[in-house]
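Fold and geometry: a report
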Amino acid sequence: MPAPGPTTNAPPVNGIPPGRPFSWRFTTPLFVGSALNPINSSLIATALVPIAHGLGVSIGRTAALVTALYLASAIAQPTAGKAAEVFGPRRVFLAGTGLVIVGGLIGGAADSLPVLLISRVLIGLGTSCAYPTAMLLIRRRAEDAGLDKPPGGVLGGLQIAGIATASLGLPLGGVLVAALGWRSVFLINVPVALVALVTTVAWVPPDTPPQSPPHSPPGTPPHTPPDRRRRARDIAAALDAVGIAGFVAAMVTLLLFLFALPDAHWYLLAISAVLWIALVLWELRAGTPFLDLRLLAGNRALTSTYLRYGLVLVCAYVVLYGVTQWAQSVRGLSETEAGMLLLPMTLMSGLVISLVSRRNTVRGPVMAAALACLVGSAGVLLLSTSGWIGWIVVVTLVFGVAMGTSGAGNQTALYEHAPAEQLGTASGLLRTFGYLGSIAASAITGIVFRTHVSDRGMHLIAWIMVGVGVVLVLTTLADRILRTRPAP
């Protein structure tokens, strides 16, 4: 958390206390809201078996609750960012928080699996609004305060909330289910979201009137309010509703294909490919594209940031999925015990983010993340039935370093290289690439552990991770953009 700064009796300017643009009041709701998505991604894991027993369904069917949140989140993150650029980030943040409250209440009262699926989708959509809108709020706050960029501790705190808390869901879910039953993993969202809602209303200044569409004609002043009576089609054009719909359809079919692995439904992949081609053709001619493909093609620094981030999370989530399954099936640990073994990963990643983010650097942290992934992946090769159980903690600590340095470095790179007017969408895409990494990790463990979990399977996964680590190290070393700082 950044230092509060000097006190003064001067009146606030643009709602910002003099000398304290990023006070704890402003950052607290953003951090709280941003933590809900990663925690919910793993919170459900320890509740799947009790849910199956409570609702009288097979355990295999409850896996759809995990898929539902991943699908919703991967799609909603950039969509929420685009909406924040058009309507205002505070408005979208509050709307998302409201969806979380509704989703939590529905899940807590659900008496069937379809209702729980609706709850998870709403929670996924709502929690996905927090990170991209928080990034946009922070950027505009820095601009209003006359700063080139926010203090590193602010971006670091957001990264701790948005990434490092992912593995916290496993032990937290275990405690909640043991003490209060499976419904508590849904209901816990309600009080936390209410805190985020109330503090946002109280401490985050309202948005200016809805913004003129991104990529406005030259000469259009920033933050120019449009005609209040603009028609729905004008809003749809500003949002690129067709582009969003195409992105949703292409992502859904791709993710359904990945989630079905190792059973390959090739027709889904073919449909997804056709939809992606159609989306590219549309976005290249759209006036205000949802996915600015020309920007992504020309902005190598931004696309490299997405690639690095996704590759790190492939390895990190293999640890969350694969190592925990191995620890339970081969080493005989309970779900709670396996979750507690991952707690050091959360603590280490948070500590590293806190230390590294204050320097606002990119090259050192992302290089450290690549090396940590490679070293940690090699460490997984040493896991065995007869080996020292503490080695799991050592491996998770190394991946805590990888997640911390990757989170801090790649978020700083995103802030530096994404156009200011598209930061919401760009931030959402960063999280989407993270979800693609986690889904790829789930597919890898699902394929290797299809019939049974064993040391041999764990070591095969480790070699795949080593390969990913090598690619990550080589691409990071070869990236010349990392050797220079962007022009101010």
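Residues numbered from 1 in each chain as written. Predicted model: local features only at pLDDT ≥ 70, side-chain atom pairs only at ≥ 80, totals over all residues. Heavy atoms only, no water.

Observations concerning the state of the cysteines
- As enumerated under the stated definition, the model contains zero disulfides in all.
- Cysteine Cys373 remains unbridged, with the sulfur of Cys315 as its closest cysteine sulfur at 4.5 Å. (Disulfide = S-S within 2.5 Å.)

Regarding the packing of helix α1 (residues 24-43) against helix α11 (residues 189-203)
- Contact geometry for α1 and α11: axes closest at 9 Å, N-to-C directions at 150°. The angle between α1 and α11 falls in the class roughly antiparallel. The handedness of the crossing between α1 and α11 is left-handed. Across from Trp24, Arg25, Phe26, Thr28, Pro29, Val32, Gly33, Leu36 and Asn40 in α1, the residues of α11 making contact are Asn189, Val192, Ala193, Ala196, Thr199, Thr200 and Trp203.
- When grouped by side-chain class, the residues that make up the contact of α1 with α11 number nine nonpolar, six polar and one charged. (Axes fitted to C-alpha atoms, helices over the stretch in contact; angles between N-to-C directions. Helix = DSSP H or I, 4+ residues; strand = E, 2+ residues; numbered from the N terminus. Parallel < 35°, antiparallel > 145°, perpendicular 65-115°, else oblique. Left-handed = near helix turned anticlockwise from the far one by under 90°. Contact = heavy atoms within 4.5 Å. Nonpolar A, V, L, I, M, F, W, Y, C, P; charged D, E, K, R; others polar.)

Structural notes on the environment of Ala142
- Looking at the element boundaries, Ala142 is found in helix α7 (residues 130-144).
- Remark: the alpha-carbon pair of Ala142 and Pro21, spanning 121 residues in sequence, is separated by 7.4 Å.
- Here Ala142 is in contact with Phe22, Leu147, Lys149, Pro150 and Tyr415, once residues within four sequence places are set aside.

Details of unusual backbone geometry
- A positive phi is found at Asn360, a non-glycine position, where the angle reads about 50°.
- Summarising the element assignment, Asn360 is placed in the loop between α18 (343-357) and α19 (363-380).

Comments concerning empty space enclosed by the protein
- Under the criterion given, the structure shown has four cavities of 30 Å³ or more.
- Size it by volume and the largest cavity reaches roughly 120 Å³.
- What lines the largest cavity is a set of 14 residues, and nearest its centre among them are Ile163, Leu313, Tyr317, Arg431 and Tyr435.
- For the lining of the largest cavity, the secondary structure elements donating two or more residues are α1, α8 (152-164), α16 (300-329) and α21 (423-448).
- A per-element tally of the lining of the largest cavity places α21 first, with four residues.
- Taken together, the residues of the lining of the largest cavity sort by class into eight nonpolar, five polar and one charged.
- Every residue along the wall of the second largest cavity is listed here: Phe290, Leu291, Asp292, Leu295, Leu296, Leu302, Tyr306, Gln422, Thr425, Ala426 and Leu429.
- For the lining of the second largest cavity, the elements supplying multiple residues, two or more each, are α15 (293-298), α16 and α21.
- Residues that form the lining of the second largest cavity fall into these classes: eight nonpolar, two polar and one charged. (1 Å grid on protein atoms, 1.4 Å probe; cavity = no way out; pocket = protein on both sides within 12 Å on 5 of 7 lines; lining within 4 Å. Points joined across faces, edges and corners; volume = space filled by probe spheres on them.)

Points about the pattern of salt bridges
- If you walk through the whole model with that rule in mind, you get three salt bridges.
- Between Arg91 and Asp207 there is a salt bridge, with its nearest N and O atoms 3.7 Å apart. Taken together, the positions of Arg91 in helix α5 (residues 89-109) and Asp207 in the loop between α11 and α12 (232-239) put the pair 116 residues apart, joining distant regions of the chain.
- The partner of Glu143 in a salt bridge is Arg139, and the shortest N-O contact between them spans 3.9 Å. (Salt bridge = Lys/Arg side-chain N within 4 Å of Asp/Glu carboxyl O.)

Points about a nonpolar patch on the surface
- Taken together, the side chains of Leu99, Val121 and Leu125 define a hydrophobic patch exposed on the protein surface, amounting to about 180 Å² of accessible area.
- Mapped onto the elements of the fold, Leu99 is located in helix α5.
- Overall, the relative accessible area of 31% leaves Leu99 in the partly exposed class. (Patch = residues over 30% accessible without salt bridge, like charges linked within 9 Å, V, L, I, M, F, W, Y side chains within 5 Å. Areas by Shrake-Rupley, 256 points an atom, 1.4 Å probe, with all protein chains shown as cover. Buried < 20%, exposed > 50% of the residue type's maximum accessible area, 1.4 Å probe, protein only.)

Description of the layout of surface pockets
- Computed from the structure, the largest pocket encloses a volume of approximately 1100 Å³.
- In terms of lining, the largest pocket is formed by 34 residues, of which the most central are Leu48, Ala63, Val66, Tyr321 and Gln325.
- Residue assignment for the lining of the largest pocket shows that the elements contributing at least two residues are α1, α2 (48-55), α3 (59-62), α4 (64-87), α13 (241-260), α16, α17 (335-341) and α21.
- At six residues, the largest contribution of residues to the lining of the largest pocket is made by α16.

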